[in-house]
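Report on the structure
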Amino acid sequence: MIKRISILALVFTVLLSCKTQEKKEVDQTSNDENKLEQTIYFGGDIITMDGATPQYVEAVIERDGKIIYAGDKASAVNNFAGETVEVDLKGKTMLPGFVDPHGHFMSAVLMSTQVNCASPPMGTVTDIPSMIEKLQKFKEEKGIKDGEWIVGWGYDQDLLAEKRHITKLDLDEAFPNNKILIVHISMHGGVLNSKALEWAGLDENSETPEGGVIARLPGGNEPAGLLMEMAYMPVFDKLPQPSEDEMMELMEAAQMQYTSNGYTHAVEGFTHIKDMNTLKRAAKEGRFFIDIVSLPGFTEMKEWLNNPEYPFGEYNDRLKFQGGKFTLDGSPQGLTAYMAEPYSVPGPNGEKNWVGNTSIPREDLAKLAKVMVDNNVQIMFHANGDGAIEDAIYAIENAGIKASDDKRPIIIHSQFQKPEHLKKYVEIGISPTYFTNHAFYWGDVHIRNVGLEKASFISPMKAANDLGLITSNHTDFNVTLLDPFFVMWTSMKRETRSGKILGGDQVIDGYAALQSLTTGSAYQFFEEDSKGKIKKGMLADFVILDTNPLKISTVDAIKDIKVLETIKEGKTVFKK
Ligand SMILES: [Zn+2]
């Protein structure tokens, strides 16, 4: 029996989902398929993402969180087995839910307790005074007392009117009694005021640790406030965090940032043991309504490797530990990406022939990576500069990986790779997740830092796709906006802030851009059999859009597409 009800009624069904769940369980034990509830979607462009070119179906049927039918509407009726909810898309477009290839879910959790110090389009800060004003307003609104911390995120010196890093001198006058940290947009560094530097135990006698940067005030050794990489990490790790109970309450808002952008799968891209435990607790308490993939960090490998507390490669209550994560270098705009040849400009402290930083010597990296591979853990490398990418390739080869092994080592960012690296990727089966948002956010800075030719080959998606590599494209949230259409636009246009086109020959088409957010990322997490396509047997993870991204009049119109609804395993998890 087919019951005709509207989308409104579907929402009502979702609201009653707890009850439905109970009913389903009873039904399953009685083995009566005819009582199972199902939903049919039809009446709009349904792009399946199944195949090398765009394919559409007229109708999709979901039952029990899975797709049981995708095909023409006339034959769909033969697949009905019980009460059916009808969803008429009314000309809207349905796609598989977006699969985040790389980002930092725990940052999304923490962001609600911090101040947005980013510049447009991510935030509203335009210069140092406007940032200080925002921090002061936050202090007032939250009733932050003297002695307590105020943490900001997302500052980018290149987008401030002053075109320089903030120093403690900028912050001290407004905040003589609070500890301040402003995290850099790269998340590989931050600026501390005097109170915070005192708390961190840093003064003119502090030596700069290897692989780190402590910026100094002119004419002396006194710390200026900015810490990068290995000088920053220990300070960041020591910061007071919200209590675990508070974190649990923040999980919903964190996931809504993803679902409101059409993502049904989020990545926590470098997870410390403490956060692995927090995520486990949230999962156990049933707080996840999208899938969370966590990449445990290499620095704590001894604690998680082969530990039954942290099973790898399987979802438990929507949480999966997948892949050991290495961070090999910093960011190219911060001059901390590790390059094979020197930058065109001096280092952060005026160093000549500056090549950036590597956080782990090549041989140590190779040894650790081999241990992971030998223990059947997928390996994932953050590598931006060609020097770091070569270290990653070395470690992968050293671990004995060949393309035919299907181990899928992932090079995250893969930004400044050389053309010859791509052949190596094919040969040993490396899959890159690219970061084309950089073309817009820092493209002009990259031209200055490494020259036009090298900058133009940043995130070479077209070259990689042409060689048959499976690629994805990420936001590195909260480094850039968690907006899939902005990601698509940057990969389809590669336009910098100043309007230059950065490597026009690496532009990809709309379908390839969609693949990089669906099938490409699903493959990289070994989930291509359950996610990324609308096909019988796959999870019923969908996003409904106001416009078909493959039928827009100009590439720029991509940015205006809106997510209307996000569905995870048949349940609405966001609705505009
Ligand atoms: Zn990242």
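Residues numbered from 1 in each chain as written. Predicted model: local features only at pLDDT ≥ 70, side-chain atom pairs only at ≥ 80, totals over all residues. Heavy atoms only, no water.

**Notes on the sheet that holds strand E11 (residues 212–216)**
Sheet architecture is open: 6 strands sit in the order E7-E8-E9-E10-E12-E11, paired in mixed fashion. The two strands at the open ends of the sheet, each matched to only one other strand, are strand E7 (115–116) and E11. (Pairing = 2+ DSSP bridges. Helix = DSSP H or I, 4+ residues; strand = E, 2+ residues; numbered from the N terminus.)

**Notes on unusual backbone geometry**
Geometrically, the link from Phe-477 to Asn-478 is a cis peptide bond, its omega value of 15° lying close to zero. On the secondary structure map, Asn-478 appears in the loop between strand E21 (472–473) and helix H19 (484–493). Within the chain, Asp-64 stands out as a residue other than glycine whose phi angle is a positive 55°. Summarising the element assignment, Asp-64 is placed in the loop between strand E2 (56–63) and strand E3 (66–71). The residue Phe-526 is not glycine, and still its phi comes out positive at about 60°. Mapped onto the secondary structure, Phe-526 falls in the loop between helix H21 (519–524) and strand E22 (542–545). Accessibility expressed as a relative area gives 36% for Phe-526, which makes it partly exposed. (Buried < 20%, exposed > 50% of the residue type's maximum accessible area, 1.4 Å probe, protein only.)

**Thoughts on the coordination of the zinc ion**
Looking at the zinc ion, one finds its protein donor set to be His-102 (NE2), His-104 (NE2) and Asp-476 (OD), positioned 2.1 to 2.2 Å from the metal centre. As a motif over one chain, the donors of the zinc ion read H-x1-H-x371-D. Taken as a pair, His-104 in the loop between strand E6 (98–99) and helix H4 (105–111) and Asp-476 in the loop between E21 and H19 lie far apart in primary sequence, 372 residues in all. (Donors = N, O, S within 2.8 Å, 3.2 Å for Na, K, Ca; no water.)

**Some details on the side chain of Asn-261**
With respect to the helices and strands, Asn-261 occurs in the loop between helix H9 (244–259) and strand E13 (263–271). Residue classification places Asn-261 among the buried positions, given a relative accessible area of 18%. The residues touching Asn-261, leaving out its near neighbours within four places in the chain, are Phe-98, Leu-482, Asp-483, Pro-484 and Val-563. (Contact = heavy atoms within 4.5 Å.)

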